[in-house]
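Residues per chain are reported as follows:
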Amino acid sequence: MRILLVEDDPLLGDGIRAGLSQDGYVVDWVTSGESASHALASENFDLLVLDLGLPHKSGLEVLAELRQRDDPLPVLILTARDTVADRVRGLDEGADDYLTKPFDLEELYARVRALLRRSAGRGDPCITHGDLVLDPRTHQVTLKGKPVELPQGEYRLLELLLQAQGRVLTRAHIEQSLYGWTRDVESNTIEVFVHHLRKKFGRELIRTVRGVGYAIDRISESN
Ligand code: CA
């Protein structure tokens with residue numbers, strides 16, 4: 001899951017980025033509204049954490065642009081304590097949730113998880129696919145009730161494909177989601193992860209769409 005963080009306070013931005021990265025998210029951090037708009041127009045993200053009080057171009061302007069082009073990206077806004085009006089405007093402009101500064105980072109993580117869950121259309125925090133269950137809160141994966149240990153890269157790819165069950169994700173989308181703007185990715189990294197995941201969960205779990213990318217197909221409840 002790839003998150004765009006927009007925060008001009010260096011200490012807070014650094015803390016949020018470190019914390020979310022540790023939780024397994026790929027975090028791209030920008031410090032201005034202009035950079036945020038540019039990133040949002042050209043890259044894929046799964047969530048936007050947006051400070052409203054930015055120099056020059058405000059967070060509200062960034063948000064308004066996003067919704068004007070009908071981008072459904074989940075947005076969590078960060079506001080200062082005394083700006084009720086901004087918070088209300090943010091929600092009216094299409095933000096999905098907000099946090100008032102100062103906040104506890106644990107609460108931020110919980111809200112991020114909730115937003116990602118809601119955007120995937122699920123009330124249950126666990127993602128299931130037949131006998132396979134993935135819990136984004138604990139990063140635990142089980143198959144037929146037995147825990148399966150996964151290195152971080154394999155875990156992230158599995159979570160990404162499971163979140164998008166029924167949709168084909170392009171190679172570019174997967175690489176961006178897993179690595180953000182880090183460009184030193186080996187060209188066969190994704191194939192290697194897919195290979196290992198198939199060994200652990202069965203060949204049929206991940207479908208290769210030649211020349212496009214990968215998908216985990218939905219299975220009906222009765223299976
Ligand atoms: Ca600020």
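The preceding data block contains the structure.
(A) Inspection of the coordination of the calcium ion at higher detail. Within the first shell, the calcium ion binds the protein through Asp 8 (OD), Asp 51 (OD) and Gly 53 (O), at distances of 2.2 to 2.3 Å. The sequence pattern describing where the donors of the calcium ion fall on their chain is D-x42-D-x1-G. Here Gly 53 lies in the loop between strand S3 (47-51) and helix H3 (59-68) and Asp 8 lies in the loop between strand S1 (2-6) and helix H1 (10-22), a separation of 45 residues in the sequence.

(B) Structural context of the pairing of S1. Summarising burial for S1: five of the five residues are buried, a large majority. Alternating residues of S1 divide into Arg 2, Leu 4 and Val 6 and Ile 3 and Leu 5, and every residue in both groups is buried. Of the pairings in the sheet, the one linking S1 to strand S2 (residues 26-30) comprises five bridges and is parallel in character. Looking across to S2, one finds that Ile 3 is bridged to Val 27. With respect to chirality, the unit in which S1 leads through H1 into the neighbouring parallel S2 is right-handed.

(C) Summary view of the packing of H1 against helix H5 (residues 105-119). Two elements in contact, H1 and H5, have axes whose closest approach is 11 Å; the angle formed by their N-to-C orientations is 55°. Classified by the angle their axes make, H1 and H5 are oblique. The two elements H1 and H5 cross, and the hand of that crossing is right-handed. Facing Gly 15, Ile 16, Gly 19 and Leu 20 of H1, the residues of H5 in contact are Leu 105, Leu 108, Tyr 109 and Val 112. A per-class count over the contact of H1 with H5 returns six nonpolar, two polar and no charged.

(D) Inspection of the sheet that holds strand S11 (residues 207-209) at higher detail. As summarised here, the arrangement of the three strands in space is S10-S12-S11, forming an open sheet in which the pairing is antiparallel. The outermost strands of the open sheet, each flanked by one partner alone, are strand S10 (169-170) and S11. Of the pairings in the sheet, the one linking S10 to strand S12 (residues 213-215) comprises two bridges and is antiparallel in character. Pairing of Leu 169 across the sheet is with Tyr 214, part of S12.

(E) Spotlight on the packing of helix H6 (residues 152-163) against helix H7 (residues 171-179). Between H6 and H7, whose axes approach to 10 Å, the crossing angle comes to 125°. Taken together, H6 and H7 sit at an angle that is classed as oblique. Handedness of the crossing formed by H6 with H7: right-handed. The residues of H7 that touch H6, namely those facing Gly 153, Arg 156, Leu 157, Leu 160 and Leu 161, are Ile 174, Ser 177 and Leu 178. Across the contact of H6 with H7, the residue classes break down as five nonpolar, two polar and one charged.

About the cut-offs
- Residues numbered from 1 in each chain as written.
- Predicted model: local features only at pLDDT ≥ 70, side-chain atom pairs only at ≥ 80, totals over all residues.
- Heavy atoms only, no water.
- Donors = N, O, S within 2.8 Å, 3.2 Å for Na, K, Ca; no water.
- Helix = DSSP H or I, 4+ residues; strand = E, 2+ residues; numbered from the N terminus.
- Buried < 20%, exposed > 50% of the residue type's maximum accessible area, 1.4 Å probe, protein only.
- Pairing = 2+ DSSP bridges.
- Right-handed = clockwise from strand over helix to strand, strands pointing away.
- Axes fitted to C-alpha atoms, helices over the stretch in contact; angles between N-to-C directions.
- Parallel < 35°, antiparallel > 145°, perpendicular 65-115°, else oblique.
- Left-handed = near helix turned anticlockwise from the far one by under 90°.
- Contact = heavy atoms within 4.5 Å.
- Nonpolar A, V, L, I, M, F, W, Y, C, P; charged D, E, K, R; others polar.

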